[in-house]
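In case you want the letters, here they are:
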Amino acid sequence: MSGTVPHADIARADADGLRVRFDCRAYDLLSIQKAAYKFGDRCHVLISPDEENTYVDVVLQAKRTLDNPRFLAGEFCNEVLDQQLRQIVAKETAGVRDLLLAQAFSRTNLITPELDSEPVQG
Amino acid sequence: MIREQSVPDCPLPVLHRRFTEEHEYRASAGASYSLLPLRFIHLDADRYLVTNLVGEHVVTDRSSLDSFIRKKLRMHSPLYSELKSKHFLWDADSAVALDLLATKYRTKQAPLSQFTSLHMFVTTLRCDHTCPYCQVSRQTEDAHAYDMTTEIADRAVDFMFMSPSPLLKVEFQGGESLLNFGIVRYIVERVEVCNKDERRDIEFVIATNLAPLTDSMLDFCLDHNVLISTSLDGPEALHNANRPRPGRNSYLLAVDGIKRVREKLGPHRIAALMTTTRASLSQPRAIIDEYIQQGFRSIFLRMISPYGFATRTGMSGDYTADEWLDFYYQALDYILELNYGGLAFVEEYAAIILRKILTPYGTGFVDLRSPAGIGIAGIIYNYDGGVYASDESRMLAEMGDDTFRMGDLLADTYSEIMLSPALVEPLGGSIAECVPYCSDCGLLPYCGSDPCRHHRTHGDFVGFKPTSAFCIKNMGVIKHLIRLLEDDKDASRVLKSWGQPATC
């Protein structure tokens, strides 16, 4: 998955719009959902996993008639790849991120300790 | 890293330490690395911008980014070294990386602990201008029912001093604030008396169109070290079209006022702001030339906001965010050209963003913070005692929407007001790290949020970012600045001087 513009046949036109099929062995649903959210300004998006969770069909309907639907579909696929990378980063760095934030604020008293147990007045 | 070799017997053996051969350091670096928290975003068709928790950044191509994240990046390659030095990864050599990153993050977030430093006092809603884009829903000059009283002023000053911030900026707003100059004088004097015990660092600013400015007002400003902020939308025809004043030429009054302020208070005691209307979009150079002609050495290029009369007259929807960005890019290009020619002139919005990109510090600018600076960085006391989370939310209230009204100075305590759901709920929706689209965005360290605008335009505090004018604007500006820093040596030199001034 190099992230280059995919083959022109990735999308199949049907009555609803352009349909892109994602293999669940290679793409996770969360990445597809996040990409769909990001494309909400350009497309109406319908996400339909199959019952066996082997693939996810995504139907894209361009909101603006001047937009090239096949180009949009290609960009959508690239965005899913980007979201997959983000998932890798999030998974690996979750622990160290919490550690960093804890370390960053370990010497900061945002609330004066002696007032913690008293009602806020003023 | 210093490795000890055998040292002679000496009270200060450190003096005899020597560096070992280079290969010994490489051998210790290990064969793998770990990722540190990062985000990324398309910068253009070929490149990605990668940022870490504290806003350090790297620009690279997709293939290298993929290799880096999948742990296939060649160690000791130039990109590896850059990523390591900027805290995107750590390896066996990076014993202090986490400590350094934590310290930098705490520095970036330091403004949070200082709490509310900007306190705006709306002295009156009366105004002598009839600007169609007015965000304030102004009242006519004779409507004294819309003036702040001394009772409310007293309470507002007491409230202000309950903020723990060591710096307090007192800003007078309106309407036209000088139309109730009596209360301006009253508040300044009262703040000075209170501050004898409080010992804060106080700044006074009056926002005014300058039309009612008298010599005695100027004398007062001189005696009390008051700064002036005014509006200058551009050359005479544009300024007057944007800011009509019945019976008088608004531009001539503004220009005369600017001159008088400089003569009395000094050349740097006045700043000007402009608002971009549709008529402005075709005149970026003329607007900047006007600022130079009036002696200013900076400009703050602003989009029109969707509040008050700007909404009723339709002006707030008069152009898209993309059209404003075209205007901005042209203006910035011209400003850079002027700098290359030897004239030091700054675009202030770019300067704020550049400080976030290039320095370890945060910003006090309310809209470029996460959580947003509403209430916790800036707060506004309306003429009637209402307390609002921001100037924009006060304008919203004048339109009949009280969503951001935190409380009443005459009825509520400090804690009731600062813990009001009208503040706490939108603050929650303004934490960029926790909302869709923003949480993964590579521009997050440089951006912020605007829950008031999103409430107004999208119906909730978070907003739908793919269509948000706030998001489109900031993405456009920030990416443009990063591309200039990366690709244009001359522009980069100028922009770095804006982002790394002598004092932050």
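About the thresholds
Residues numbered from 1 in each chain as written. Chains lettered and ligands numbered in written order. Predicted model: local features only at pLDDT ≥ 70, side-chain atom pairs only at ≥ 80, totals over all residues. Helix = DSSP H or I, 4+ residues; strand = E, 2+ residues; numbered from the N terminus. Buried ≥ 20, exposed ≤ 12 C-beta atoms within 10 Å, placed from the backbone. Contact = placed C-beta atoms within 7 Å. Nonpolar A, V, L, I, M, F, W, Y, C, P; charged D, E, K, R; others polar. Pairing = 2+ DSSP bridges. Axes fitted to C-alpha atoms, helices over the stretch in contact; angles between N-to-C directions. Arc of directions from axis to C-beta. Domains from an automatic or database assignment.

1. Details of the overall build of chain A
- For chain A, the count of helices and strands is two helices and four strands.
- N-terminal to C-terminal, the α/β element order of chain A is β-β-α-β-β-α.
- Each of the 122 residues in chain A was classed as buried or not, and the buried ones make up 27%.

2. What about the interface of chain B and chain A?
- The interface of chain B with chain A comprises 26 residues on the first partner and 24 residues on the second.
- Elements represented by at least two residues in the side of chain B that touches chain A include exactly helix 2 (62-69), helix 4 (97-108) and helix 16 (414-418) of chain B.
- Examining the composition of the side of chain B that touches chain A, we find that five residues originate from one element, helix 4 of chain B, more than from any other.
- Its residues assigned to classes, the side of chain B that touches chain A comprises 17 nonpolar, five polar and four charged.

3. Notes on the sheet that holds strand 2 (residues 17-23) of chain A
Residue and element names in this part refer to chain A.
- The four strands lie next to each other as 1-2-4-3, forming an open sheet whose pairing is antiparallel. The open sheet is flanked by strand 1 (11-14) and strand 3 (43-49), the only strands paired with a single partner. The sheet shows a mean angle of 25 degrees between the axes of neighbouring strands, taken without regard to direction.
- Bridge analysis of strand 1 against strand 2 gives four bridges, and the strand direction is antiparallel. Within the sheet, the bridge partner assigned to D14 lies in strand 2 and is G17.
- Where helix 1 (residues 29-38) meets the sheet, its contacts fall on strand 2, strand 3 and strand 4 (55-62), and the angle it forms with strand 3 comes to roughly 165 degrees.
- Docked against the sheet, helix 2 (residues 69-105) engages strand 1, strand 2, strand 3 and strand 4, running at close to 25 degrees with respect to strand 2.

4. Looking at the pairing of strand 2 of chain A
All names here are of chain A.
- Taken together, strand 1 and the strand that follows it, strand 2, pair antiparallel across an intervening segment of two residues.
- Sheet topology places strand 2 next to strand 4; six bridges connect them, and they run antiparallel. In the strand pairing of strand 4, R19 is matched with V59.

5. What to know about helix 11 (residues 284-293) of chain B
All names here are of chain B.
- Those residues of helix 11 not exposed but buried are P284, I287, I288 and E290. Down the axis of helix 11, the smallest arc covering the buried residues is 155 degrees, so these residues share one side.
- Along its buried surface, helix 11 packs onto strand 11 (298-299) and helix 13 (321-340).
- Within two residues after helix 11, G295 carries a phi angle of roughly 90 degrees, on the positive side.

6. Some words on the domain arrangement of chain B
Residue and element names in this part refer to chain B.
- Taken domain by domain, chain B comprises domain 1 (33-108) and domain 2 (110-487).
- Distance from the C-alpha centre of domain 1 to the C-alpha centre of domain 2: 36 Å.
- With 16 residues of domain 1 at the interface, the matching set in domain 2 holds 17 residues.
- Those elements giving two or more residues to the side of domain 1 that touches domain 2 turn out to be strand 2 (38-42), strand 3 (47-52), strand 4 (57-61) and helix 4.
- It is helix 4 that contributes the most residues to the side of domain 1 that touches domain 2, four residues altogether.
- When its residues are assigned to classes, the side of domain 1 that touches domain 2 shows seven nonpolar, four polar and five charged.

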